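# A closer look at the structure
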Amino acid sequence: MSIRSMFAVNAAKITGLVCRKLGRQGVTWAGKVALKLYPGILKELSSQVREKIIVVCGTNGKTTTNNMLCAALEAEGKKVVCNHTGSNMLNGVVAAFVLAAGPGGRIDADYACIEVDEASTKHVFPALQPDYMVLTNLFRDQLDRYGEIDITMNILEEMIRTVPSMKLIVNGDDALSAYLAMDSGNPWVSYGVPEPVVESGLHEIREGRFCKRCGERLSYRFYHFSQLGDYECPKCGFKRPAADFCASDVEVSDHIAFTVEDRRLEANYKGFYNVYNMLAAYAGVRTAGLTADRFAEMLKGFHPENGRMEQFKVNGADVVLNLAKNPAGFNQNIAAVMQDKRPKDLIILINDNAQDGRDISWLWDVDFDLLENETVWSITVSGIRCQDMRLRLKYVDIPSELIENVETAIDKKTREGTGNLYVLVNYTGLFGTRNILKKMEVNG
Ligand SMILES: [Zn+2]
């Protein structure tokens, strides 16, 4: 340990503290300050992790999977460094280590669970050298952020190859992730759901319909959602790998349950995509060599954080807040909302700030027509691009009410609505809407 790292750690901790006092999220600033003072800080701190470093990458489900993985390791008695808040670019990753370090500048941890933005692996991997990578899926993200999915895949594969001993834990139902694992040359295992569970929307966007190995159109036995399913290339033999961690007897209703390795895992939240998140975290713990004996117990107390199917009570109504930032995520959110057969109101908030992607044409790839259902009593559009959202709904003949201010919308719908409100927001809407709901919950 160097004086320099001790200095950087403490300066960063103070920065984090000051930012919080000012009511800001100080995480990335703390990372920025630490890196400025000592560019080698990440390498030095992460090398002090006693056992393994696990990173979680993939378009959707990173934060939930990573936090669940962390909770599972803690349930096994491990001390874990984790970027819980989902700050997953270089500054956020550095901050997770710096804020976990003691004042002497040392890390006391058995494991690190770090969610890393795919494009940021370029900056993070040279210092971090992970032992495992969980890859949740590869979907098209907000269009203008990183460009096409092929670019993301190329970056990932290049970075995976820089750590040849790193074992990949991939979603085998995703042809793109499976191909990446096979092509990388790194050791890998897969998880998956081998039989159909829910009906997949007919018009859903499917990335990777063509074989990455030979270019032939893949043939599918069935789709789960988006391009996830049981696929095979009729020309070169590339196909869905038999899963090492295989979910069977899957139940998806007001809760989720499935069996893996003769264990029944259950969770109290909705959405088929959460089966994958649970399976990914479980496969991660098992692949790291742990028994996962406490995994089922851990799930009982686990709540996906930061507006992932987060529940509130406002003006006597049940409110569920969920993040939906790209077509695959949005379609899964809609499916989860429609699994609730009770009458419901819906608020959809769309912003186009830098972090959301300025280009919101991805809205046209979401299956909003599924909201045409007698249980959906009303849809309100909010946020900076509420007009565009309203137009998108109008295109499929679904009327909506326009209330740009989300607080006003929530207040109205919780007072006058069905008592069952879903609020779907994209990225920059999440933090503010969550604060509004917390405030209204206290006042109401
Ligand atoms: Zn092929």
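A brief structural summary. (Residues numbered from 1 in each chain as written. Predicted model: local features only at pLDDT ≥ 70, side-chain atom pairs only at ≥ 80, totals over all residues. Heavy atoms only, no water.)

## Focus on the state of the cysteines
Tallied over the entire structure, the rule returns zero disulfides. The cysteine cysteine 57 is free of any disulfide, with cysteine 113 supplying the nearest cysteine sulfur at 13 Å. Taking relative accessible area as the criterion, cysteine 57 reaches 0% and is therefore assigned buried. (Disulfide = S-S within 2.5 Å. Buried < 20%, exposed > 50% of the residue type's maximum accessible area, 1.4 Å probe, protein only.)

## Structural notes on the packing of aromatic side chains
Under the definition given, this model contains 13 aromatic pairs. For the pair phenylalanine 225 and phenylalanine 272, a centre-to-centre distance of 6.0 Å together with 90° between the ring planes defines the contact as edge-to-face. Taken together, the residues phenylalanine 225 in strand S7 (residues 219-225) and phenylalanine 272 in the loop between strand S12 (263-267) and helix H10 (273-287) connect sequence positions 47 residues apart. Accessibility assignment for this pair places phenylalanine 225 and phenylalanine 272 in one class, buried. An aromatic cluster of three or more residues is present, and its members are Tyr179, Tyr220, Tyr223, Tyr231 and Phe238. The cationic tip of lysine 32 hangs over the ring face of tryptophan 29; the distance from NZ or CZ to the ring centre is 4.9 Å. (Phe/Tyr/Trp six-rings, centres within 6.5 Å; stacked < 30°, edge-to-face > 60°. Helix = DSSP H or I, 4+ residues; strand = E, 2+ residues; numbered from the N terminus. Lys NZ or Arg CZ within 6 Å of the ring centre and 35° of its normal.)

## Considering helix H12 (residues 327-339)
Its 13 residues give H12 an end-to-end C-alpha distance of 18 Å, which sits within 8% of 18 Å, the value for a rise of 1.5 Å per residue. The buried fraction of H12 is high, at 11 of 13 residues. Each element contacted by the buried residues of H12 is listed here: S7, H10, strand S14 (317-323), strand S15 (344-349), strand S16 (376-382) and strand S18 (420-425). (Expected span 1.5 Å × (residues − 1). Contact = heavy atoms within 4.5 Å.)

## What to know about the nonpolar core
Ranked by size, the top nonpolar core spans 76 residues in total, and within it Met68, Phe258, Phe295, Phe330, Ile348, Phe368 and Leu371 carry the most contacts. In terms of residue count, H10 provides more of this core than any other element does, 10 residues in total. Two domains each provide a minimum of three residues to this core, namely domain 1 (45-300) and domain 2 (310-443). Setting aside residues up to four positions removed in sequence, phenylalanine 330 forms contacts with Ala324, Ile348, Ile350, Trp362, Val366, Phe368 and Leu424. Counting 57 residues, the second largest nonpolar core, distinct from the first, contains Val9, Val93, Ile114 and Val124. (Core = buried A, V, L, I, M, F, W, Y, C linked by side-chain atoms within 4.5 Å. Domains from an automatic or database assignment.)

## Side note on the sheet that holds strand S9 (residues 245-246)
A sheet is described by the order of its strands in space; here seven strands give the open sequence S2-S3-S1-S4-S5-S6-S9, paired in parallel fashion. Looking along the sheet, the strands with just one partner apiece sit at the ends: strand S2 (80-82) and S9. Both strand S5 (residues 167-171) and strand S6 (residues 188-192) contribute to a ladder of four bridges, which runs parallel. Among the inter-strand pairings, asparagine 171 is bridged to a residue of S6, identified as tyrosine 191. Its contacts with the sheet put helix H4 (residues 62-75) on strand S1 (52-57), S2, strand S3 (111-115) and strand S4 (132-135), and the angle it makes with S3 is roughly 170°. Each of S1, S3 and S4 touches helix H6 (residues 121-128); the most contacted strand, S1, lies at about 170° to it. (Pairing = 2+ DSSP bridges. Axes fitted to C-alpha atoms, helices over the stretch in contact; angles between N-to-C directions.)

## A short note on the pattern of salt bridges
Going through the model one piece at a time under the given rule, you end up with 24 salt bridges. Salt-bridge contacts for lysine 212 lead to aspartate 150; the nearest nitrogen and oxygen are separated by 2.7 Å. Of this pair, lysine 212 sits in the loop between S6 and S7 while aspartate 150 sits in helix H8 (residues 149-161), placing them 62 residues apart in sequence. In this structure, the salt-bridge partner of arginine 263 is aspartate 293, at a minimum N-O distance of 2.6 Å. Here aspartate 293 lies in the loop between H10 and helix H11 (295-300) and arginine 263 lies in strand S12, a separation of 30 residues in the sequence. Under the relative-accessibility criterion, arginine 263 is labelled partly exposed at 22%. Residues joined by salt bridges that share partners form a network here, namely Arg50, Lys79, Asp108 and Asp110. (Salt bridge = Lys/Arg side-chain N within 4 Å of Asp/Glu carboxyl O.)

## Things to note about the coordination of the zinc ion
Protein coordination at the zinc ion: the donors are Cys211 (SG), Cys214 (SG), Cys233 (SG) and Cys236 (SG), at 2.2 to 2.3 Å from the metal. If you look at the zinc ion, its four donor atoms make angles of 100 to 115° with each other, and the shape they trace is tetrahedral. Between consecutive donors of the zinc ion, the numbers of intervening residues give the motif C-x2-C-x18-C-x2-C. With cysteine 211 in the loop between S6 and S7 and cysteine 233 in the loop between strand S8 (228-232) and S9, the pair connects residues that are 22 residues apart, well separated along the chain. With a relative accessible area of 4%, cysteine 211 lands in the buried category. (Donors = N, O, S within 2.8 Å, 3.2 Å for Na, K, Ca; no water. Tetrahedral: all angles 85-135°; square planar, octahedral: opposite > 155°, others 65-115°.)

## A closer look at the pairing of S6
Sheet faces and side chains relate simply in a regular strand, where the side chains alternate between the two faces. Within S6, four of the five residues are buried, which leaves the element mostly enclosed by the surrounding structure. As for the winding sense of the linkage, the β-α-β connection from S5 through helix H9 (residues 175-184) to S6 is right-handed. Where S6 lies against S9, two bridges are found, and the strand directions are parallel. Bridging from a neighbouring strand, glycine 192 pairs with cysteine 246 of S9. (Right-handed = clockwise from strand over helix to strand, strands pointing away.)

## So, the environment of proline 327
Within the fold, proline 327 resides in helix H12. On the basis of relative accessibility, which here comes to 3%, the residue proline 327 falls in the buried class. Along the primary structure proline 327 and arginine 140 are separated by 187 residues, whereas in three dimensions their C-alpha atoms are 7.5 Å apart.

## Details of unusual backbone geometry
The backbone of asparagine 315 sits at a positive phi, close to 50°, despite the residue not being glycine. Assignment of secondary structure puts asparagine 315 in the loop between strand S13 (310-314) and S14. Look at asparagine 315 and you get partly exposed, because its relative accessible area is 25%. The backbone phi angle of aspartate 397 is positive, close to 60°, even though this residue is not glycine.

## Considerations on a nonpolar patch on the surface
A surface patch of nonpolar side chains, amounting to about 290 Å² of accessible area, comprises Ile14, Val18 and Leu22. You can see isoleucine 14 is positioned in helix H1 (residues 3-21). Exposure remark for isoleucine 14: the relative accessible area of 53% places this residue in the exposed category. (Patch = residues over 30% accessible without salt bridge, like charges linked within 9 Å, V, L, I, M, F, W, Y side chains within 5 Å. Areas by Shrake-Rupley, 256 points an atom, 1.4 Å probe, with all protein chains shown as cover.)

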